Amino acid sequence: MRLAPGPARAVDLDRVDLFDLDLYTSGDPHPIWDVMRAEAPLHHQVLPDGREFWSVTRYDDVCRVLGDHREFTSERGTVVTHLGEDDVAAGTLMTSTDPPRHTQVRRAIGTRLTPRAVASWEETIRRSIVRFLEPALDGGTWDLAEKALRLPMIVAGPLMGIPERDWDELVQLTAMVTAPSDPHFQHGSREATLAISHHELVTYVRDWVKGRRAAGGDGTADGSLLDHLMSVRAGDAPLTDEEIALDGYSLLLGANVTTPHTVSGTVLTLIEQPDQFAKAQADPTLMPSLAEEALRWTSAACNFMRYATGDIEIGGGTIPAGGATVAWIGSANRDATQFPDPHRFDVTRRENRHVAFGFGPHYCIGAPLARMTLRIFFTELLQRFESIELDGEPQHLRSYFIAGMTHLPVVARRRKTL
Ligand code: HEM
């Protein structure tokens with residue numbers, strides 16, 4: 001998806017198709033969202049097959065939809081690729097559960113992902129990222145978007161307790177779940193790709209747990225993240241194996257499909273805007289604000305979905321009870337009421353209250369880990385390379401759910417002092 005929008009253009013709001021995959025592969029959704037925020041903050045679309053959804057694009061409305069489970073429930077599914085199908089994991093999978101059940105499970109899982117808990121992994125993660133960057137030092141063409149798909153597994157694989165031999169398969173499967181229409185990841189039809197990948201991922205975690213139990217373990221709170229899941233209690237009861245498999249699946253998915261695209265989208269922007277590259281390189285204290293701006297700018301999780309629990313008034317209109325409601329995070333993060341000069345990528349931006357990690361009870365549980373990974377990645381990248389240039393056409397992911405890239409061929413010139 002194009003991150004720096006082209007010129008403003010006339011938009012016919014009655015004909016806008018937000019599920020048009022070409023819009024994200026070769027088009028330019030930002031000028032459309034700009035018009036929607038200004039003129040149709042609540043937008044209704046009916047797909048050719050009869051499925052329909054309502055879209056909110058303003059910052060405040062996106063926060064309300066994601067944040068208020070009494071008006072907008074997660075229990076019928078939250079991912080737009082499943083629009084219209086009731087979530088089979090409703091009420092079981094953490095992401096598809098409302099409080100109070102959600103709060104119990106999340107609190108227990110989250111103790112291993114707090115900023116303090118992930119701080120202890122900092123040096124391990126730094127070493128992994130330094131190793132990840134090494135091949136680029138050769139000065140040859142390096143496809144950052146392709147390589148970066150593996151980055152979350154390199155970082156989180158050891159923490160989750162997943163052996164290296166399985167990383168590539170899991171990267172492939174998680175990409176299939178989130179971009180089932182992208183030719184890089186598609187296996188047969190879109191529906192088949194979704195079904196296969198979902199099944200294989202859940203089976204992977206289920207088998208992992210079975211293997212642990214067979215080896216005499218029942219998970220220890222201080223083992224890997226998946227061991228920890230086995231020890232989690234929601235209320236009085238431990239999680240069932242099915243719940244562990246589903247929550248392990250969402251941790252894998254959350255980790256794998258977002259961070260790589262924040263990395264590649266930001267590096268492309270730093271290449272296109274050498275003044276921002278130079279600013280960030282000259283001042284390492286800017287790494288935290290660069291990471292936040294990277295998150296806002298790329299908004300890798302482009303949207304999340306909820307279902308209205310009753311007739312809900314929002315954005316100057318009404319969503320009928322049961323209506324699928326898509327909160328466009330990518331648009332909210334460019335809302336001028338929150339972000340001055342929102343289409344400017346600014347590594348020094350202050351007061352950056354972006355919603356790239358969502359808002360409210362389902363706020364990304366992996367945010368501390370993702371933030372640390374991004375800060376370390378940009379620090380190590382800018383320390384090593386004097387400049388980075390494009391060496392071919394970037395290619396964007398064919399997905400209206402994840403804003404990302406599949407190819408970003410670059411050539412990096414190492415700094416003389418290295
Ligand atoms: C740049 C990186 C990331 C971005 C942009 C991102 C984005 C998001 C967003 C927008 C949500 C809210 C979903 C909703 O409201 O329904 C979310 C939730 C979640 N994320 Fe992330 N995420 C990132 C990294 C991670 C990582 C590294 C992990 C795993 C360690 C992770 C695991 C999860 C999980 C399990 C949830 C569901 C939380 C819940 O339902 O309470 N994410 N993420």
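The name given to the protein chain in an unreviewed UniProt entry is Cytochrome P450, with Catenulispora subtropica as the source organism.

Peer 1: Looking at this model, I keep getting lost on the pairing of strand 10 (residues 324–328). Mind explaining?
Peer 2: Within a regular strand, side chains alternate between the sheet's two faces. Burial of strand 10 is extensive: five of the five residues sit out of reach of the surface. Neither face of strand 10 is left uncovered, since the one carrying Ala-324, Val-326 and Trp-328 and the one carrying Thr-325 and Ala-327 both have all their residues buried. Where strand 7 (residues 303–308) and strand 10 come together, five bridges link them in antiparallel fashion. Bridging across to strand 10, Asn-303 finds its partner in Trp-328.

Peer 1: What am I meant to see in the sheet that holds strand 14 (residues 409–414) here?
Peer 2: The strands that make up a sheet are held in pairs by hydrogen bonds between backbone atoms, and each pair lies either parallel or antiparallel. Read from one edge to the other, the open sheet built from three strands follows the order 4-14-11, with strand pairing classed as antiparallel. The open sheet is flanked by strand 4 (142–143) and strand 11 (385–390), the only strands paired with a single partner. In this structure, strand 11 lies alongside strand 14, joined through five bridges in antiparallel fashion. Each bridged residue has a counterpart across the sheet, and for Glu-389 the counterpart in strand 14 is Val-411.

Peer 1: Even after reading the chapter, I still don't get the pairing of strand 7, so can you show me in this structure?
Peer 2: Of all six residues in strand 7, five are buried; the element is thus mostly enclosed. By the bridge criterion, two bridges tie strand 3 (residues 72–73) to strand 7 in an arrangement that is antiparallel. Paired with Thr-73 across the bridge in strand 7 is Tyr-307.

Peer 1: Can you help me understand the packing of helix 15 (residues 287–298) against helix 17 (residues 367–384) in this one?
Peer 2: How two helices pack is summed up by the angle between their axes together with the distance between the axes. In the contact formed by helix 15 and helix 17, the axes pass within 9 Å of each other and the chain directions differ by 115°. Considering how the two elements wind past one another, helix 15 and helix 17 form a crossing that is right-handed. Only Arg-371, Leu-374, Arg-375, Phe-378, Thr-379 and Leu-382 of helix 17 make contact with helix 15, whose side of the interface consists of Met-287, Pro-288, Leu-290, Ala-291, Glu-292, Ala-294 and Leu-295. A class-by-class count of the residues in the contact of helix 15 with helix 17 yields nine nonpolar, one polar and three charged.

Peer 1: Where do I start with the site of the ligand in this structure?
Peer 2: Neighbouring the ligand are 25 residues, the closest being His-102, Arg-106, Arg-306, His-362 and Cys-364. Within the side chain of Arg-106, one N or O atom sits 2.8 Å away from an oxygen atom of the ligand. The contact in question runs from a nitrogen atom of the ligand to an N or O atom on the backbone of Gly-254, over 3.4 Å. Elements with a contribution of two residues or more to the shell around the ligand: helix 4 (101–110), helix 12 (241–256), helix 13 (259–272), strand 7 and helix 17. At four residues, helix 12 tops the list of elements feeding residues into the shell around the ligand. Residue composition of the shell around the ligand, grouped by class: 13 nonpolar, ten polar and two charged.

Peer 1: I'm lost on the packing of aromatic side chains in this one. Help?
Peer 2: Working definition: an aromatic ring pair is given by the centre-to-centre distance plus the angle between the planes. In total, this model carries ten aromatic pairs according to the counting rule given. Plain terms: the ring middles of Tyr-59 and Phe-339 are 5.9 Å apart, the flat faces sit at 75° to each other, and that makes the pair edge-to-face. With Tyr-59 in helix 3 (residues 59–67) and Phe-339 in the loop between helix 16 (329–332) and helix 17, this residue pair connects regions lying 280 residues apart in the sequence. The exposure class assigned to Tyr-59 is buried, which follows from its relative accessible area of 8%. Relative to Trp-142, the ring of Phe-132 has its centre 5.5 Å away and its plane inclined at 65°; by these criteria the two rings are edge-to-face.

Peer 1: Would you mind going over the side chain of Gln-281 with me for this structure?
Peer 2: Position of Gln-281 relative to the elements: it lies in helix 14 (residues 274–282). When sequence neighbours within four positions are dropped, the list of residues in contact with Gln-281 reads Leu-382, Phe-385, Glu-386 and Arg-415.

Peer 1: I keep staring at the environment of His-44 and nothing clicks. Help me out?
Peer 2: With respect to the element layout, His-44 can be found in strand 1 (residues 42–46). Between the alpha carbons of His-44 and Trp-54 there is a distance of 4.5 Å; along the sequence they are ten residues apart. Discounting residues that sit within four places of it in the chain, His-44 has contacts with Glu-52, Phe-53 and Trp-54. Only 2.7 Å separates the side chain of His-44 from the side chain of Glu-52, close enough to count as a polar contact.

Peer 1: In this structure, what is going on with the sheet that holds strand 3? I would like to understand it.
Peer 2: Pairing in this open sheet of five strands is mixed, and the strands run 1-2-10-7-3 from one edge to the other. A single partner strand is all that each edge strand has here, and the edge strands are strand 1 and strand 3. Across three bridges, the pairing between strand 2 (residues 52–56) and strand 10 is parallel. The residue of strand 10 that forms the bridge with Trp-54 is Thr-325. This element, helix 3, spans strand 2, strand 3, strand 7 and strand 10 of the sheet and lies at about 130° to strand 10.

Peer 1: Where do I start with the packing of helix 8 (residues 151–160) against helix 17 in this structure?
Peer 2: With their axes 12 Å apart at the nearest point, helix 8 and helix 17 run at an angle of 125° to one another. In terms of axis orientation, helix 8 runs oblique to helix 17. By crossing handedness, the relation of helix 8 to helix 17 is classed as right-handed. Contact residues: Leu-151, Val-155, Ala-156 and Leu-159 in helix 8; Leu-369, Thr-373 and Phe-377 in helix 17.

What counts and how
Residues numbered from 1 in each chain as written. Predicted model: local features only at pLDDT ≥ 70, side-chain atom pairs only at ≥ 80, totals over all residues. Heavy atoms only, no water. Buried < 20%, exposed > 50% of the residue type's maximum accessible area, 1.4 Å probe, protein only. Helix = DSSP H or I, 4+ residues; strand = E, 2+ residues; numbered from the N terminus. Pairing = 2+ DSSP bridges. Axes fitted to C-alpha atoms, helices over the stretch in contact; angles between N-to-C directions. Left-handed = near helix turned anticlockwise from the far one by under 90°. Contact = heavy atoms within 4.5 Å. Nonpolar A, V, L, I, M, F, W, Y, C, P; charged D, E, K, R; others polar. Near = heavy atom within 4 Å. Polar contact = N/O pair within 3.5 Å; in protein donor to acceptor, adjacent residues only side chain to side chain. Phe/Tyr/Trp six-rings, centres within 6.5 Å; stacked < 30°, edge-to-face > 60°. Parallel < 35°, antiparallel > 145°, perpendicular 65-115°, else oblique.

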